[in-house]
Amino acid sequence: MTFEEAQKELEQIVQQLESGQANLDDAIKLWERGEELHRLCLEQLDSAQGKIEVLKPTEPA
Amino acid sequence: MKVEAEQYGDRTVYTVSAFNRGVAAWLARLPTVWVEGEVTELRRQQRWQSVFFTLKDPGDGACLPASMPRGQFDALRLDLRNGERVHVYGRPELFEARGELRFRALSIERFGLGDHLAALERLKQKLGAEGLFAPDRKRRLPRFPRRVGLLTGNDAAAKRDVLTAITTRFPSARVVVAETYVQGPRAAPALVTALEDLCRAEEIDVIVLARGGGSFEDLLPFSDERLVRAVASCPVPIVSAVGHEQDTPLTDLAADARASTPSVAARLVVPDADEVRERLTQTRRRLQRAPLHLLERKRARLDGAYGRLRALSPRATLERGYAIVRDGGRIVREATEVATGERVEVELGQGGFSATVEETR
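For clarity, every value in this text was computed on a predicted model and none was experimentally measured.

## Considerations on the overall build of chain B
So, point 1. On a plain count of helices and strands, chain B comes out with 10 helices and 16 strands.
So, point 2. The proportion of buried residues among the 361 residues of chain B is 26%.
So, point 3. Within chain B, contacts between residues at least 6 apart in sequence are counted, and of these 59% link residues at least 24 apart.

## Quick notes on the overall build of chain A
So, point 1. Each helix and strand counted, chain A has 2 helices and 1 strand in total.
So, point 2. In chain A, the succession of helices and strands from N to C terminus is α-α-β.
So, point 3. For chain A, the residues scored as buried account for 21% of the 61 residues in total.

## Examining the pairing of strand β9 (residues 174–180) of chain B
So, point 1. Taken across its 7 residues, β9 of chain B has 5 buried, putting it largely inside the fold.
So, point 2. Sheet topology places strand β1 (residues 51–54) of chain A next to β9 of chain B; 4 bridges connect them, and they run parallel. Within β9 of chain B, the position partnered with Ile-52 of chain A by the bridge is Val-175 of chain B.
So, point 3. Of the strand pairs in this sheet, strand β8 (residues 147–153) of chain B and β9 of chain B are connected by 6 bridges, and their pairing is parallel. Bridging across to β9 of chain B, Thr-152 of chain B finds its partner in Glu-179 of chain B.

## With respect to the sheet that holds strand β7 (residues 100–110) of chain B
Where strands meet in a sheet, backbone hydrogen bonds hold them as pairs that are either parallel or antiparallel.
Residues and elements named next belong to chain B.
So, point 1. With mixed pairing, 5 strands are arranged side by side around a closed barrel as β3-β4-β5-β7-β6. Within the sheet, the average angular offset between the axes of one strand and its neighbour, ignoring direction, is 55°.
So, point 2. Here 7 bridges tie strand β4 (residues 50–56) to strand β5 (residues 63–69), and the two strands are oriented antiparallel to one another. By the bridge assignment for β5, Val-51 is matched with Met-68.

## Some points on the confidence of the model for chain B
So, point 1. Of all residues in chain B, 99% have pLDDT values of 70 or greater, and the mean over the chain is 89.
So, point 2. ipTM for the predicted complex: 0.82, alongside a pTM of 0.63.

## Quick notes on the packing of helix α1 (residues 3–19) of chain A against helix α9 (residues 273–312) of chain B
Packed helices, taken two at a time, are described by the angle between their axes plus the distance between the axes.
So, point 1. Running from amino to carboxyl end, α1 of chain A crosses α9 of chain B at an angle of 25°, the nearest separation of the two axes being 9 Å. On the basis of their axis angle, the class for α1 of chain A and α9 of chain B is roughly parallel. The way α1 of chain A lies across α9 of chain B gives a crossing that is left-handed. On α9 of chain B, the residues touching Leu-10, Glu-11, Val-14, Leu-17 and Glu-18 of chain A of α1 of chain A are Thr-283, Arg-286, Leu-287, Ala-290, Pro-291, His-293 and Leu-294 of chain B.
So, point 2. In terms of residue class, the contact of α1 of chain A with α9 of chain B is built from 7 nonpolar, 2 polar and 3 charged.

## Some points on the interface of chain A and chain B
So, point 1. Facing 29 residues of chain A, the contacting portion of chain B comprises 35 residues.
So, point 2. Broken down by secondary-structure element, the contributors of at least two residues to the side of chain A that touches chain B are α1, α2 (24–47) and β1 of chain A.

Scoring rules and cut-offs
- Residues numbered from 1 in each chain as written.
- Chains lettered and ligands numbered in written order.
- Predicted model: local features only at pLDDT ≥ 70, side-chain atom pairs only at ≥ 80, totals over all residues.
- Helix = DSSP H or I, 4+ residues; strand = E, 2+ residues; numbered from the N terminus.
- Buried ≥ 20, exposed ≤ 12 C-beta atoms within 10 Å, placed from the backbone.
- Contact = placed C-beta atoms within 7 Å.
- Pairing = 2+ DSSP bridges.
- Axes fitted to C-alpha atoms, helices over the stretch in contact; angles between N-to-C directions.
- pLDDT = per-residue confidence, 0-100.
- Parallel < 35°, antiparallel > 145°, perpendicular 65-115°, else oblique.
- Left-handed = near helix turned anticlockwise from the far one by under 90°.
- Nonpolar A, V, L, I, M, F, W, Y, C, P; charged D, E, K, R; others polar.

What follows is the structure in structure tokens.
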């Protein structure tokens, strides 16, 4: 899952919870999923070590 | 009679003069052609029959000595200067006395800025008509690319500026750099090859094509049809960051976005790390508060319902002084439901009592 996807789902979950339409059982499940997504995002932010590589070029024919 | 060749056993040996004449005869069969180059080492003197100059390839510096009869040259009234780009119509010829190859010019035309601009405009119209620059072809750039491809010249400045701008904005960015020629006739095909290499590299979600400022001619490879087509058909979203604000190489039009400076390019391809963190923190805060909010709302709804329930309860009516009369558990609503002497139960706001019916009306 990319950071972008995780962040999007996380924000949808928060909106859903804030709308107050979920029942309590669902709300707890949503909250747990939200926490998991938040952790995923943080991991991706922190683990993505900045890195600069140089691509070996193909010699023009 | 000149001696052309001599036999030394089984070896035929030509004189220099005969050899040169032979080569000259071969060269004379070549067709007349147009050659484009820069004029250098222009030498014109009254006492010379011909005007001499060297045509230089601006790309790699290859040289071709050329000459033109002085009368013809003067008749053209070109007032040529060293460094000017020209088209020369002529054919190769050997200066036999020295065994030197020379391009014998029959006509010279100045290829100026106007010609470059006209050629560029024609190409722009053509590619535009094919729809290469259409707005609906532009793709959205990813907000959070796994890796950024940077296609740039081996000139350090443009590469360094873009890399610095990207890593300042997003320190954990991963960038794959492909370096190649960005100037001269080899630049366009080399850029196309390097772009294809980048597209094949793994996890590249966006590409920046970067080149620092330069003269109009320096930036010409970025309007080369081959490169412009490669940019337009690039499978990965691509940003053209070529030259300065006032320059509009055709890659700018064919790319998904254009950036006039390295920092604009960085803003387009990576998110601001601080903003990303802040947004994530805010979202987390809302997430943590959300279940509590939900409970509070449920509680409030429950309280509201209970309040309404109580308001509707018969007890509230009894409190106001009314009474309920039951006959064996059944509520008595009409006098005909009971008979004289029957026992009924009466419920009041507080407590109740049993009674006997004395009379019905």
